[in-house]
Amino acid sequence: MSFDEVFDVIVIGAGHAGCEAASAAARLGAQTGLITLNLDLIGQMSCNPAIGGIAKGHLVREIDALGGIMGRVIDRTGIQFRLLNRSRGPAVQSPRAQADRMRYRAEMRRTLEATSNLHLRQGKVVDFVLDHGKLAGVVLEDGRRFGSQAVVVATGTFLNGLIHTGRRTYSGGRAGEPAAIELSEALKRLGFPVGRLKTGTPPRLDGRTIDWSAFEPQPGDQIPVPFSFATDSLEQKQINCYIGYTTEQVHDTIRANIAESPLYSGKIKGVGPRYCPSIEDKVVKFSDKSRHQLFLEPEGHDTNEVYLNGFSTSLPAEMQQDLVRMIPGLEETRIIRPGYAIEYDFVDPRELGPDLQTARVPGLFHAGQINGTTGYEEAACQGLLAGINAALYTQRRESLRLRREESYIGVLVEDLIKQGVDEPYRIFTSRAEYRLALRYDNADERLERYGRELGLVGDSDWNRFNARQERLAELRTALDNVRLRRADAQHAAVSGLVGSDLGDSISLSQLAKRPKVTADLIASLLPADLKPVAETDLNSVLADSLYAGYLDTQRAAVAKLYQHDTLKIPRQTAFRSIAGLSNEIVERLDRAQPLTFGEARRLPGLTPGALSTLLAYLSAEQKSF
Amino acid sequence: MSTIVALSTPRGRGALAVIRLSGPDAIAIARRMGLHEVEDRRAALTSLVRPRDNEKLDQALVTCFHAPHSLTGEDVVEISCHGSPAVIRNVVDTTLELGADLAGPGEFTLRALSNGKINLAQAEAIRDLIAAQTDAAVKQASRQLSGELSNALAPLKERLVEVIVVLESALEFVEDDLPAFRAQEIEKELVDVSAGVEKLACTYAAGRLLQEGIQIAIAGRPNVGKSSLFNSLVERERAIVTDIPGTTRDTLSEAIDLEGIPVIFTDTAGVRETTDGIETLGIERTRRAIGDSDLILVVLDGSTELGPSDHDLLNQTAHTRRLVVRNKSDLPEFNASTSCIAELQPINVSARTGEGLATLRSAILSRLNNNGIDEGSLLITNARHYDLLCNAQRELVEARAALRVKHSEEVVLAPLHNALRFMGQITGETTTEDILSEIFATFCIGK
């Protein structure tokens, strides 16, 4: 086969999944071609200019621990950092940042261009080249042919994208950009089951026409928490966001014109995310709410564009303009870009293995929205995993698989490949059974060694990681061994604070579990030779001890309940032949092809009766072997 | 694996009877009895013979079900013969001669379960039904078969899910404009849910009695008429009755149906100092029977003064569940006003004439009803369900403790999710997806 250029790995699409994939593959030594429709839009944030949030921030920390790039790029370009859930426990705190959209793009491109083995190419992939069923390369619209053993498809909403505003519908991957129609056809020709999803985005406003005094400022944190374990300080000047509300007038107008919305006129067939509803959905489904919260998010230092978060809509552009002006403070406001809804193709992620490679075509990997997910962070972590595994595949090395007990990435991948999606999949902390163990601050402890073993974590990061682990170990020992005794000067004061006598002697780790005892107090009781203690170090150690008991109980409960989870289901099991299973259950099992009882147990719709039938069958089968 | 045989239709004379064979030799046995046609699921008219003497037994329809597509998952042969008791006996006896074993109670069910033909929940209910000794126990088993336990638990689980939804939303959607929840209201919900779970779990004490039968020991010094009373209560001449003290050397049990409740009466050897080795052994068993019983009938001889052995026994049983019975009310010497035990509210009976037995039975029943055995309410009869409910209850208590000391939501949620998992083993699992759906239906989430 003749090719214009030959790479080891080709990545299609340079969004958040594609950038991570290409960067990882190249740094693992694979000659990597990153093909995108428009080189000027690498790392574009199609929707809101923000990274992180509850559970999403965890993902970015995990990406960083594995040696990915998203955390470093947002740290260099973030213009407002907030640690969410500060009032709650450490397991559910998570960093979030507003990005300067243009600087984020520029920084991402700079990062990729500084990566050796990584080759940017502009073009539109229209087909795959196969050799004896295995992937061999891709064909571009302009006729160029690129060879590679592995391809990562990370096409986002571009895959057969269809944009809706009001009654107008046109093909596109993002506003003003063409869709990838041929590639979707190529995937269908290969036999992949393709479905349709929907998402939407709100209008962007001209900041010069906003009466900012009508909104409540939302400042960033005084001491920002960065995403990357490697970041010591932030570069960008920090800004405020602003909070406002819709009015009944807005709601009434939307309801009166609901037929104008393609969501309600029946034009949109794809399923949208329930946790990211359009303003139309909000006022129809929650009609008793008199107002809905809005966030005004400036898009960067070098632009007047403002993102109207909370107002995603596909109503006609002129109506969007009228509605925006009904919002107090936006009476004079002009829309720069109208909001819109977009439908796009996704491929059933149950086609994938835990390495994100398709079972159908060896060498073909899928990452991001093509797998039915939503969100930059969800996309990026899949891109990282797919890029790593694509490189490992071409190098004949063992693939990287992450378990759900150790990472949110593992939770996400397992949910996708085992259960599939029927709406855009977003990560939540409640998806992780072991939420208390998966903290943003211990992502390094959980995953850094994988990054190091692969070769993605460099020496300086590895040294920093080990130094921190040593400091944590030292702190743990100190908290267990240093005791507050009755003779100590602070004993009476601390007893008074806690509200009960502390006894003759109590270790600092025990003391830390008492209500009202803060990290600051514990820090003040530590011996002088350990000081100053980094706040983040102390918090990590205290979090370990706070949750230890609950995690033990939970592990015991889960072990007791799910003791049969490891029971294997033979690959060729004919579920239809198991008497007592309804047709519906048989279909679910056939679709999901669970390999263990535990996988079957987690499938939606499996009744306890069906599970005990399956269990009895498997137990009997196992006995007969 | 043996081949088992049993009559599958009700005993007694009927037009037809179905005899079922299951196991590896089922088809071979049928062949030796004259079956030629062994095709799967095809009924074949067969002249059944007894190979021992070539005696013709019956003209029958015989159907083979080849493994695994059969009731038990094994080779099964169904013989539809004429329903006369003699024919049935001859056919069954012949299969036994040819190597089949008579099926034990529930053995077909057990084989079906181990071959994956029915599920555990069904098997548990079927087992309870088979094991049920009385109407009340049958009612409880069939209530559980029809899912009444799940129904009782479902509203509690729903309320637990609601609490979880509120707490999860507060954690996950901190940037959304959600109404603040009140810890006191959450606490109150959890108190209600755990009270409901505890109440269900507590019915196991009574449910277990209903399933396994209530043990009632009849105790007293020798020759007070324990065995006579035993015979009267079980309405059979089961124990040997003589005038010789110490006739009963061993404990003797008999189960009866006391107005729907299974009761197992145990006649015991009279307790006295003795040098007789066998009698000593019997007395040791008596002590054990008394220890194991749910209720003790302490029998006194109302025609004589109380002796030291009587007083010993009354003292020993003072802190147990007991009823004091004064026997021999038919004798002229019976002194109904023995004042020293009046406070024990003894029940006067005559085992010989039956006088006072109705009073004794109703006294026993009222004691049992105090136990919570009431046909009107649902009882937990399954040890696994009891265990799951206790575990759920423990987790709910843990969650309340975490809530009280104002722990953050994720800490309160950890035991709540555990409790939900335990309850889910009875009523069906609640997935993360279910909880998320509930959140999105309850709150307007999302920027």
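Report follows, based on the coordinates.

Thresholds applied
Residues numbered from 1 in each chain as written. Chains lettered and ligands numbered in written order. Predicted model: local features only at pLDDT ≥ 70, side-chain atom pairs only at ≥ 80, totals over all residues. Helix = DSSP H or I, 4+ residues; strand = E, 2+ residues; numbered from the N terminus. Pairing = 2+ DSSP bridges. Core = buried A, V, L, I, M, F, W, Y, C linked by C-beta atoms within 7 Å. Buried ≥ 20, exposed ≤ 12 C-beta atoms within 10 Å, placed from the backbone. Contact = placed C-beta atoms within 7 Å. Axes fitted to C-alpha atoms, helices over the stretch in contact; angles between N-to-C directions.

A short note on the environment of B:Glu343
With respect to the helices and strands, the residue B:Glu343 is situated in the loop between strand S11 (322–327) and strand S12 (347–348). With 295 residues separating them in the primary sequence, B:Glu343 and B:Leu48 have C-alpha atoms 71 Å apart.

Overview of the sheet that holds strand S9 (residues 134–140) of chain A
All names here are of chain A. Sheet architecture is open: four strands sit in the order S1-S10-S9-S8, paired in mixed fashion. The sheet is open, and its two borders are formed by strand S1 (5–6) and strand S8 (125–131), each paired with just one other strand. Alignment of S8 against S9, held across six bridges, turns out to be antiparallel. The residue bridging Asp 131 from the neighbouring strand is Lys 134, located in S9.

What to know about the nonpolar core
Counting 203 residues, the largest nonpolar core has A:Val9, A:Ala21, A:Ala25, A:Val151, A:Val152, A:Ala390 and B:Ala219 as its most contacted members. Among the elements that take part in this core, helix H10 (residues 376–394) of chain A stands out by supplying 12 residues, more than any other. Excluding its chain neighbours within four sequence positions, the residues that come into contact with A:Ala21 are A:Val11, A:Val152, A:Ala154, A:Ala367, A:Gly383, A:Leu384, A:Ala386, A:Gly387 and A:Ala390. With 29 residues, the next largest nonpolar core counts B:Ala26, B:Leu57, B:Ala103 and B:Ala112 among its residues.

Remarks on unusual backbone geometry
The omega torsion across B:Ala67 and B:Pro68 is 0 degrees, close enough to zero to call that bond cis. Here B:Pro68 is to be found in the loop between strand S4 (55–65) and strand S5 (76–82). Even without being a glycine, A:Ala55 presents a positive backbone phi close to 70 degrees. Counting through the fold element by element, A:Ala55 comes out in the loop between strand S4 (50–52) and helix H2 (56–66). Judged by C-beta crowding, with 28 C-beta atoms within 10 Å, A:Ala55 ranks as buried.

A word on the sheet that holds strand S2 (residues 9–12) of chain A
Residue and element names in this part refer to chain A. Spatial strand order, S7-S3-S2-S11-S22: five strands in an open sheet with parallel pairing. In this open sheet, the two strands that pair with only one neighbour each are strand S7 (118–122) and strand S22 (364–366). Neighbour to neighbour, the strand axes of the sheet diverge by 20 degrees on average, direction disregarded. Across five bridges, the pairing between strand S3 (residues 32–36) and S7 is parallel.

Some remarks on the environment of A:Asp221
Residue and element names in this part refer to chain A. As for its placement among the helices and strands, Asp 221 is situated in the loop between strand S16 (216–218) and strand S17 (241–245). Among the residues examined, Asp 221 registers 16 C-beta atoms within 10 Å and is labelled partly exposed. Once residues within four sequence positions are removed from consideration, Asp 221 is found in contact with Phe 81, Arg 82 and Leu 83.

Here's the deal with the pairing of strand S2 (residues 16–22) of chain B
All names here are of chain B. With five of seven residues buried, S2 lies mostly within the body of the structure. Sheet analysis places strand S1 (residues 4–7) next to S2, joined by four bridges and oriented antiparallel. From the neighbouring strand, Leu 7 faces S2, where its bridge partner is Ile 19. Direction of pairing for S2 relative to S5: antiparallel, over a ladder of seven bridges.

These figures capture arrangement, not role.
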